[in-house]
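Take a look at the letters that make up each chain.
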Amino acid sequence: MLKLAIRHEFPGFALDAGFEAPPGVTALFGKSGSGKTTIVNAVAGLMRPDQGRIEVDGLILSDSASGRFLPPHRRGVGYVFQEGRLFPHLTVRQNLLYGRWFARMKDGARFSRIVDLLGIGDLLARRPGALSGGEKQRVALGRAILSNPRLLLMDEPLAALDEARKAEILPYLERLRDETGLPILYVSHSAAEVARLATTIVLIEAGRVLAAGPAATILSDPATAPVLGLREAGAILSARIEAQEEDGLTRLATGAGPVWLSRITAAEGSHLRLRILAQDVMLALQRPSGISALNVLPVTVRDVTPGEGGVLVRLEAGDEVILARITARSTAGLGLAPGMRVYAVLKAVSVAPGSIGTGGP
Amino acid sequence: MTDWLTPEEWQAVVLSLRVSSVAVLASLPFGVLVAYALARWRFPGHGLLNGLVHLPLVLPPVVTGYLLLLSFGRRGTIGAFLDQFGIVFAFRWTGAALACGIMAFPLLVRAIRLSIEAVDPKLEQAAATLGASRLWVFATVTLPLILPGIFAGMVLAFAKAMGEFGATITFVSNIPGQTQTLPSAIYAFLQVPGGESSAARLVLVAVAVAMAALFLSEWLARSVARRISGA
């Protein structure tokens, strides 16, 4: 558990942020220049905040009240930088082993397990100059993990990569989250990445924490949707693959009832995280018939939040929450109000593969 | 080769090689430290230190030699102090090495400083987050990356030391076998009738050493580029 409360004055910008990051992936989400990287650098010890206290699992990393400030090399905090920052004069293997030299426990993270997990076994003898962007980031990730950190910091590790490379690395990050149990502080300005990886979300705007909480709650909260971007607004649904059906569909069990989606290549029984974009959800007063959409879920309206660019309707479906974005005219036409029982309609093909991640919510 | 040069000429060449090697090796630790300080630290007196280091480059060598004589001569403040411990520079080959070391210092520091500035401090930060203390960061990241720059600086400084004349002759005079380095010997041969052939042979040696140093330094500079690009 990371506990942080810091203040720092920059010329023309003040940072005043505090939050707690439980185990799992805590995403720091906000626009560029909102202070996310500063927070991460303060945790790593690369900058010293004017005031405040940072603590990881009871170890005080910095505390302005007592004047305590651990230098970066004594914090045991792994850092994956946006640009990788691999050592050019060392091979991949030497890069990976660099932090283990100084690691607190020599036998902690197992070299071969991490190398397998990241799929970098074939690269060990190469130099960083001969790696692609995606390979570099995987090595940087492995190097940070193998230093056996208490906490892993990632500052937009995917931002410098194209979409294909991102898609290549995301599964490794999910495995890292689900298999190592290492607490991760993840900086991003991509709602899609956050929705896929985060278990906790901290929204940062202009140096302040706007909202913080479990990912599923923050992502389905109409109040925070404008910060994430309306087009990116959407709830997270945890699902389990029940059956691969013959006509190219996959049947999933969710807290909202069964859902059919285009074929997902994963084993039956595996757990998934679906991101259902609010703009892909339609609402109907009666159960529609003669309609191509396969998924019709009975739901209850929790609240209706008008705003710029439409109305966000939060829906309770079983023990899950779904978000729908519709126009003000439709809202008035249907007479939507809290407590109403309606039907949410979702096309099987509207959940993009990039919105399907592994693991629990 | 001993047949090719007379014993007197040979003595001058050997002395020059010894003086230059000692000058470069002894000034190297200071050179790395000063270059690192100038490249990475901000402190009061930064500009002053930079100026002092470069002073021998712009001062007439005779002035540098005279200043050395004033301070490191047996009656000079530093010279008199060191004399108590039996360390004497004046009119010894060690004095020639001191003069050459100081004259070559700016070149040594410049080459090393440039290579330190080419090292991305972000790499050093990354090393720190992986658990390396400042000293370890320097030893495992900075130093290997600047090694070719250090070699290049040593080569240049060595060549400069081989050619040093003005400061050396002013500080430690021109004593054969003691302080008569290659340039001093050429100068001395040119002062006596019939010395031209000796001077010519030494000139060839000087040209060969200088060319070799330049080629070596070029080659090392290219290897810096290769290392830092990581290919």
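The model shown is predicted, which means the values in this text are computed figures rather than measured ones.

Undergrad: Help me get a handle on the overall build of chain B, residues and values and all.
TA: The helix and strand inventory of chain B stands at ten helices and zero strands. Going from N to C terminus, chain B has its helices and strands arranged as α-α-α-α-α-α-α-α-α-α. Here the analysis covers contacts within chain B between residues at least 6 apart in sequence; of these, 72% occur between residues at least 24 apart. For chain B, the accessible area works out to roughly 11,500 Å², and carbon and sulfur atoms hold 70% of it. Chain B carries 15 positive and 10 negative side-chain charges, and their two centres are separated by 10 Å.

Undergrad: Which residues make up the UniProt feature "transmembrane region" (unreviewed entry) in chain B, and what values do they have?
TA: Residue and element names in this part refer to chain B. UniProt records the feature "transmembrane region" (unreviewed entry) at residues 20–39, 51–73, 85–109, 135–159 and 199–221, using the numbering of this structure. In this annotation, residues 51–73 is assigned 87% helix and 0% strand; the end-to-end C-alpha distance for the span is 24 Å. Its end C-alpha atoms 33 Å apart, residues 199–221 is made of 100% helix and 0% strand.

Undergrad: Describe the packing of aromatic side chains, listing the residues and the values that go with them.
TA: Summed over the entire model, instances satisfying the criterion amount to eight aromatic pairs over all chains. With 5.6 Å between their ring centres and 80° between their planes, Tyr36(B) and Trp41(B) make a pair best called edge-to-face. On the accessibility criterion, Trp41(B) (36% relative accessible area) is partly exposed. A centroid spacing of 5.3 Å and a plane angle of 75° characterise the contact between Phe81(B) and Phe85(B), whose relative ring orientation is edge-to-face. Cluster of aromatic residues (ring-pair linked, three or more members): Tyr36(B), Trp41(B) and Phe138(B). When the ring centre of Phe69(A) is taken as origin, the NZ or CZ atom of Arg75(A), which lies over that ring, is 4.7 Å away. In this arrangement the basic side chain of Arg143(A) is found over the ring face of Phe87(A), its NZ or CZ atom lying 4.6 Å from the centre.

Undergrad: Break down the UniProt feature "domain: ABC transmembrane type-1" (unreviewed entry) in chain B for me, citing the residues and quoting the values.
TA: The residues that UniProt annotates with the feature "domain: ABC transmembrane type-1" (unreviewed entry) are residues 13–215 of chain B. From the first C-alpha to the last, residues 13–215 of chain B spans 20 Å; its make-up is 79% helix and 0% strand.

Undergrad: Describe in detail the sheet that holds strand S19 (residues 320–326) of chain A, supporting the description with residues and values.
TA: Residue and element names in this part refer to chain A. Reading across from one edge, S16-S20-S17-S18-S19 is the order of the five strands in this open sheet, with antiparallel pairing throughout. The open sheet terminates on both sides in strands that have one partner only, identified here as strand S16 (281–284) and S19. Ignoring strand direction, the axes of neighbouring strands in this sheet form an average angle of 45°. With seven bridges joining them, strand S17 (residues 295–307) and strand S18 (residues 310–317) adopt antiparallel strand pairing. Within S18, the residue paired with Gly 307 across the bridge is Gly 310.

Undergrad: Could you give me a rundown of the pairing of strand S1 (residues 2–10) of chain A, with the residues and numbers involved?
TA: Residues and elements named next belong to chain A. Sheet topology places S1 next to strand S4 (residues 51–56); six bridges connect them, and they run antiparallel. Opposite Ala 5, over in S4, you have Arg 53 as the bridge partner. With nine bridges connecting them, S1 and strand S2 (residues 13–21) associate as antiparallel partners. Directly across from Lys 3, in S2, lies its bridge partner Glu 20. Linking S1 to S2, which pair antiparallel, is a turn of two residues; within it Gly 12 sits at a positive phi near 80°.

Undergrad: Any chance you could break down the environment of Gly229(A) for me, citing the residues and the numbers?
TA: Residue and element names in this part refer to chain A. By the element assignment, Gly 229 lies in the loop between helix H8 (225–228) and strand S12 (234–244). Residue classification places Gly 229 among the partly exposed positions, given a relative accessible area of 23%. In this structure, the C-alpha to C-alpha distance between Gly 229 and Ala 191, residues 38 residues apart in sequence, is 7.9 Å.

Undergrad: Residues and numbers for the interface of chain B and chain A, please.
TA: Contact with chain B, which involves 21 residues of that partner, is made by 22 residues of chain A. Interface area for chain B against chain A, summed over the two sides, is near 1,900 Å², with a carbon-plus-sulfur share of 69%. In this structure, Glu83(A) engages Lys122(B) in a salt bridge whose closest nitrogen and oxygen atoms are separated by 3.6 Å. One can count five residue pairs in polar contact (both at pLDDT 80 or more) joining chain B with chain A. When contributions to the side of chain B that touches chain A are tallied by element, the ones reaching two or more residues are helix H6 (121–129), helix H7 (134–163) and helix H10 (196–229) of chain B. Top element by residues in the side of chain B that touches chain A is H6(B). It accounts for seven residues. By residue class, the composition of the side of chain B that touches chain A is twelve nonpolar, seven polar and two charged.

Undergrad: Outline the side chain of Lys36(A), supporting the account with residue identities and numerical values.
TA: All names here are of chain A. With respect to the helices, strands and loops of the structure, Lys 36 is situated in helix H1 (residues 36–44). Since its relative accessible area comes to 4%, Lys 36 is described here as buried. Side-chain polar atoms of Lys 36 contact the backbone oxygen of Lys 31, separated by 2.8 Å. In contact with Lys 36, other than residues within four places in its own chain, are Leu 28, Phe 29, Gly 30, Lys 31, Glu 156, Val 187, Ser 188, His 189 and Ile 204.

Undergrad: I'd like a rundown of the packing of helix H3 (residues 111–118) of chain A against helix H4 (residues 133–146) of chain A, residues and numbers included.
TA: All names here are of chain A. It is the contact of H3 with H4, at a shortest axis distance of 10 Å, that shows an interaxial angle of 150°. Here H3 is positioned roughly antiparallel relative to H4, judged by the angle of their axes. Taken as a pair, H3 and H4 cross one another with a handedness that is right-handed. Residue-level inspection shows Phe 111, Ile 114 and Leu 118 of H3 in contact with H4, the latter providing Arg 138, Leu 141, Gly 142, Ile 145 and Leu 146.

Undergrad: So what's going on with the packing of helix H2 (residues 46–58) of chain B against helix H5 (residues 93–117) of chain B? Residues and values would help.
TA: Residues and elements named next belong to chain B. The N-to-C vectors of H2 and H5 enclose an angle of 125°; their axes lie 6 Å apart at closest approach. As judged from the angle between their axes, H2 and H5 are oblique. For the crossing formed where H2 meets H5, the hand is left-handed. Of the residues in H5, those in contact with His 46, Asn 50, Val 53, His 54, Pro 56 and Leu 57 of H2 are Ile 102, Met 103, Phe 105, Pro 106, Leu 107, Val 109, Arg 110 and Arg 113. When its residues are assigned to classes, the contact of H2 with H5 shows nine nonpolar, three polar and two charged.

Undergrad: Tell me about the domain arrangement of chain A, residues and numbers included.
TA: Residues and elements named next belong to chain A. Along its sequence, chain A is organised into domain 1 (2–219) and domain 2 (234–358). Inter-centroid distance (C-alpha atoms) of domain 1 to domain 2 is 32 Å. Taken together, the eleven residues of domain 1 in the interface contact eleven residues of domain 2. Counting the surface domain 1 buries against domain 2, the share from its top three residues, Ala 195, Arg 196 and Leu 219, is 52%.

Undergrad: Please give an account of the sheet that holds S12(A) that cites residues and values.
TA: Residues and elements named next belong to chain A. Strand order in the open sheet made by the five strands is S14-S13-S12-S15-S21, with antiparallel pairing throughout. Because the sheet does not close on itself, it has two edges, and the strands there are strand S14 (257–262) and strand S21 (356–358). Ignoring strand direction, the axes of neighbouring strands in this sheet form an average angle of 40°. Of the strand pairs in this sheet, S12 and strand S13 (residues 249–254) are connected by five bridges, and their pairing is antiparallel. Each bridged residue has a counterpart across the sheet, and for Gln 244 the counterpart in S13 is Thr 250.

Conventions we followed
- Residues numbered from 1 in each chain as written.
- Chains lettered and ligands numbered in written order.
- Predicted model: local features only at pLDDT ≥ 70, side-chain atom pairs only at ≥ 80, totals over all residues.
- Heavy atoms only, no water.
- Helix = DSSP H or I, 4+ residues; strand = E, 2+ residues; numbered from the N terminus.
- Contact = heavy atoms within 4.5 Å.
- Areas by Shrake-Rupley, 256 points an atom, 1.4 Å probe, with all protein chains shown as cover.
- Lys, Arg positive; Asp, Glu negative; His and termini not counted.
- Charge placed at Lys NZ, Arg CZ, Asp CG, Glu CD.
- UniProt positions renumbered as here; feature names shortened; annotations may be inferred.
- Phe/Tyr/Trp six-rings, centres within 6.5 Å; stacked < 30°, edge-to-face > 60°.
- Buried < 20%, exposed > 50% of the residue type's maximum accessible area, 1.4 Å probe, protein only.
- Lys NZ or Arg CZ within 6 Å of the ring centre and 35° of its normal.
- Pairing = 2+ DSSP bridges.
- Axes fitted to C-alpha atoms, helices over the stretch in contact; angles between N-to-C directions.
- Buried area = accessible area lost by both parts, 1.4 Å probe.
- Salt bridge = Lys/Arg side-chain N within 4 Å of Asp/Glu carboxyl O.
- Polar contact = N/O pair within 3.5 Å; in protein donor to acceptor, adjacent residues only side chain to side chain.
- Nonpolar A, V, L, I, M, F, W, Y, C, P; charged D, E, K, R; others polar.
- Parallel < 35°, antiparallel > 145°, perpendicular 65-115°, else oblique.
- Left-handed = near helix turned anticlockwise from the far one by under 90°.
- Domains from an automatic or database assignment.

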